Amino acid sequence: MHFDELDRQMRVFETINDQYALPGIFLVVRLDGRNFTRLTKETHQFQAPFDERMRDYMVETTAHLMQCGFRVIYGYTQSDKISLLLDPSEETFGRKMRKINSILAGEASAKCSLLLGDIAAFDCRVAQLPSLERVVDYFRWREEDAHRNALNGHCYWMLRGQGASRREAAERLKSLSIADKNELLFAGGINVKNLPNWQNRGVGLFWQVEEQPAINQKTGQPTIALRRRLHIELNLPRKETYEQLVLEIIQRG
């Protein structure tokens, strides 16, 4: 059998289940760290439940993903999770889902591993959202998840600090309401409302256009140039104000 014929036949097994995102639809890519609790609390022993060094690694990884070949409008990270909103007109690799998932998971794993000095792996999934409203809902959902994780994380590690085992702390949390968790933390000297915003709300990354002094290359005269810069927001607003911010970022494109 000639190579061309063999190549044609074998490639069918690789591509028969390929899926493509519909043109013009919003795509949100979510990446999730694999075994990051063990990696950050046991192997490297970062401060629990949050550590600024790990926060910075996740922010740098998100920034890298926003500049690695895909047009990303908005990046959001909290804990060991990253969400990326792609430009609706993004056509890289023909919007093939396999390519989007594998490349972004690989880029995130490689970047975070380099920053951490150890193997860090991410999985990746793509959500196809049918409307602008659903995109805003998605990021509101992720921010609310960050708030819930901050509450649970501080409660869990407070219980562990009081002598509870992993299992005992986890079981205790299951029986507590949100009010109970806030009361537990308050009794231990923590007011959730006073926690750093990046713990309670996550971190947002988006593009801004800024004016900068420059020199006209033809005339040699001073001028003003517009530069696109990636902004890192550690103090995201909440609820309706956050929804409005996400909407404005999308509309700017």
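Residues numbered from 1 in each chain as written. Predicted model: local features only at pLDDT ≥ 70, side-chain atom pairs only at ≥ 80, totals over all residues. Heavy atoms only, no water.

A description of the overall build of the protein chain should follow, citing residues and the corresponding values.
For the protein chain, the helix and strand inventory stands at nine helices and six strands. Along the three orthogonal principal directions, the C-alpha set of the protein chain runs to about 65 × 65 × 40 Å. Expressed as a percentage of the 253 residues in the protein chain, the buried residues total 43%. In the protein chain, once contacts between residues fewer than 6 apart in sequence are set aside, the share between residues at least 24 apart is 68%. Element-wise, carbon and sulfur atoms account for 50% of the exposed surface of the protein chain, whose accessible area totals about 14,600 Å². Computed over 35 positive and 33 negative side-chain charges, the inter-centroid distance for the protein chain is 2 Å. (Helix = DSSP H or I, 4+ residues; strand = E, 2+ residues; numbered from the N terminus. Buried < 20%, exposed > 50% of the residue type's maximum accessible area, 1.4 Å probe, protein only. Contact = heavy atoms within 4.5 Å. Areas by Shrake-Rupley, 256 points an atom, 1.4 Å probe, with all protein chains shown as cover. Lys, Arg positive; Asp, Glu negative; His and termini not counted. Charge placed at Lys NZ, Arg CZ, Asp CG, Glu CD.)

Give a description of the pattern of salt bridges that names residues and reports values.
Applying the stated criterion to the full structure yields 17 salt bridges. In this structure, the salt-bridge partner of Asp-137 is Arg-134, at a minimum N-O distance of 3.4 Å. With Asp-137 and Arg-134 both in helix 5 (residues 132-161), this residue pair falls three residues apart, about one helical turn. On the basis of relative accessibility, which here comes to 47%, the residue Arg-134 falls in the partly exposed class. Residue Glu-171 is joined to Lys-174 by a salt bridge in which the shortest nitrogen-to-oxygen separation is 3.3 Å. Of this pair, Glu-171 and Lys-174 are both found in helix 6 (residues 166-174), three residues apart, which corresponds to roughly one turn of the helix. (Salt bridge = Lys/Arg side-chain N within 4 Å of Asp/Glu carboxyl O.)

Break down the packing of aromatic side chains for me, citing the residues and quoting the values.
In this structure the tally under the stated criterion is ten aromatic pairs. Seen from their ring centres, Phe-46 and Tyr-57 are 6.4 Å apart, and the 70 degrees between their planes marks the pair as edge-to-face. Here the residue Phe-46 occupies a position in the loop between helix 2 (36-43) and helix 3 (52-65), and Tyr-57 occupies one in helix 3, the gap between them amounting to eleven residues. Note on Tyr-138 and Phe-139: the rings are 5.0 Å apart at their centroids and 80 degrees apart in plane angle, and the pair reads as edge-to-face. Of the residues examined, Phe-139 reaches a relative accessible area of 0% and is grouped as buried. These aromatic residues form a ring-pair network of at least three members: Tyr-74, Tyr-138, Phe-139, Trp-141 and Phe-206. Sitting above the plane of the Trp-141 ring, Arg-142 keeps its charged end 4.3 Å from the centroid. Its end group placed over the ring of Trp-207, Arg-228 keeps NZ or CZ at 4.1 Å from the ring centre. (Phe/Tyr/Trp six-rings, centres within 6.5 Å; stacked < 30°, edge-to-face > 60°. Lys NZ or Arg CZ within 6 Å of the ring centre and 35° of its normal.)

For the pairing of strand 1 (residues 26-33), give the residues involved together with the corresponding values.
Along strand 1, eight of the eight residues are buried, which leaves the element largely enclosed by surrounding structure. Burial of strand 1 is two-sided: the residues Phe-26, Val-28, Arg-30 and Asp-32 facing one way and the residues Leu-27, Val-29, Leu-31 and Gly-33 facing the other way are all buried. With eight bridges joining them, strand 1 and strand 4 (residues 122-129) adopt antiparallel strand pairing. Across the sheet, the residue bridging to Gly-33 is Phe-122, located in strand 4. (Pairing = 2+ DSSP bridges.)

Explain the state of the cysteines to me, and be specific about the residues and the numbers.
One pass over the full model with this rule turns up zero disulfides. Cys-68 carries a free sulfur, and the closest cysteine sulfur to it, the one in Cys-124, is 10 Å from it. (Disulfide = S-S within 2.5 Å.)

So what's going on with the nonpolar core? Residues and values would help.
By size, the foremost hydrophobic cluster in this structure holds 39 residues, and its most contacted members are Val-29, Leu-31, Phe-36, Leu-84, Leu-104 and Phe-122. Broken down by secondary-structure element, the contributors of at least two residues to this core are strand 1, helix 2, helix 3, strand 3 (81-86), helix 4 (97-116), strand 4 and strand 5 (203-215). When residues no more than four places from it in sequence are discounted, the contact partners of Phe-36 are Lys-41, Met-54, Met-58, Asp-80, Cys-112, Ala-120, Ala-121 and Phe-122. By size, the runner-up hydrophobic cluster in this structure holds 19 residues, among which are Ile-73, Leu-85, Leu-129 and Ala-146. (Core = buried A, V, L, I, M, F, W, Y, C linked by side-chain atoms within 4.5 Å.)

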